[in-house]
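Given next are the chains, with one letter for each unit.
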Amino acid sequence: MANAQKVSRKALLGKKLGMSQVWDDKGFFVPVTLVDVSTNVVTAVKTVESDGYNAIQIGYGAIDPTKVSKPLAGHFAKAGVTPRRHLVEFRLDDVTDYKPGDELAVDSFADGSDVDVTGTTKGHGFAGTIKRWGFRSYRRTHGSHTNERRPGSVGACATPSRVLKGKRMAGRMGHVRRTVQNLEIVSVDKESGIIAIKGALPGAKGSIVLVRTAVKGA
């Protein structure tokens, strides 16, 4: 069963449209994120014989052909598809069912199925320890002066005489790749190419996310 699940795995690129809410069968509100996964096409198929591994390359989002470099233009022409703005590779155990130019429709996923969603989180720039790690601020009374948001001691002077790796300190926050696993697909709109996924997804509105069949799904 494990091998069969790997073979049947699907993936689609999409744009995060924003959040909404729907009602379930019991009349409760369910928060969902709407993702546009239309215009997905296979732009390349890689095999063990030619590339050393099995994978398919997926393209999403139309782009003006004049804005594509000559190598990419030739790549899309070889696949027989119009240029796409975003490309991603997805590894599979068996790629015999795919060929360049195949369109991947939204019905690749069914209502109630579990998916893993990968995206880039929102960037917050340089952040202090309170915002970045949830540190507690210092008291603002009894003579405290400019200590409210300071992180405090970061290490001892004698042993080990250095700041240990992994110490939670101020620094750049966000704008990293993150995957949320085992999210449920609430509904699939075949006409508009939009899927509603239960819960929140990483990234800002309008960002690109990768929706894949859940690795740890039942």
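Residues numbered from 1 in each chain as written. Predicted model: local features only at pLDDT ≥ 70, side-chain atom pairs only at ≥ 80, totals over all residues. Heavy atoms only, no water.

Remarks on the pattern of salt bridges
Going through the model one piece at a time under the given rule, you end up with two salt bridges. Lys 46 is the salt-bridge partner of Glu 89, the closest N and O atoms lying 2.5 Å from each other. Highlighted residues: Glu 89 in strand β5 (residues 84–91) and Lys 46 in strand β3 (residues 40–46), separated in sequence by 43 residues. Residue classification places Glu 89 among the partly exposed residues on the basis of a relative accessible area of 33%. Here Asp 102 makes a salt bridge to Lys 99, at a shortest N to O gap of 3.1 Å. Judged by relative accessible area, Asp 102 falls into the buried class, the value being 17%. (Salt bridge = Lys/Arg side-chain N within 4 Å of Asp/Glu carboxyl O. Helix = DSSP H or I, 4+ residues; strand = E, 2+ residues; numbered from the N terminus. Buried < 20%, exposed > 50% of the residue type's maximum accessible area, 1.4 Å probe, protein only.)

Observations concerning the nonpolar core
Core analysis: the largest hydrophobic core is formed by 28 residues, its most contacted members being Ile 56, Val 115, Val 117, Ile 195, Ile 197 and Val 211. Only β1 (11–23), β4 (55–62), β5, β7 (114–120), β10 (177–189), β11 (194–198) and β12 (208–213) provide two or more residues apiece to this core. Other than its neighbours up to four places away in sequence, Val 115 contacts Phe 109, Val 180, Gln 181, Asn 182, Leu 183, Ile 185, Ile 197, Val 211, Arg 212, Thr 213 and Ala 214. (Core = buried A, V, L, I, M, F, W, Y, C linked by side-chain atoms within 4.5 Å. Contact = heavy atoms within 4.5 Å.)

Description of the sheet that holds β7
The six strands lie next to each other as β1-β2-β11-β10-β7-β12, forming a closed barrel whose pairing is antiparallel. The average undirected angle you get between the axes of adjacent strands in this sheet is 50°. With four bridges joining them, β7 and β12 adopt antiparallel strand pairing. Bridge pairing links Thr 118 to Leu 210 in β12. (Pairing = 2+ DSSP bridges. Axes fitted to C-alpha atoms, helices over the stretch in contact; angles between N-to-C directions.)

A closer look at the packing of aromatic side chains
In the structure shown here, the tally under the stated rule is one aromatic pair. With centroids separated by 5.0 Å and ring planes inclined at 35°, the aromatic side chains of Trp 23 and Phe 29 adopt a geometry described as tilted. Here Trp 23 falls in the exposed class, since its relative accessible area comes to 59%. For Phe 29, a relative accessible area of 47% corresponds to the partly exposed category. Sitting above the plane of the Tyr 53 ring, Arg 91 keeps its charged end 4.2 Å from the centroid. (Phe/Tyr/Trp six-rings, centres within 6.5 Å; stacked < 30°, edge-to-face > 60°. Lys NZ or Arg CZ within 6 Å of the ring centre and 35° of its normal.)

None of this, on its own, says anything about what the molecule does.
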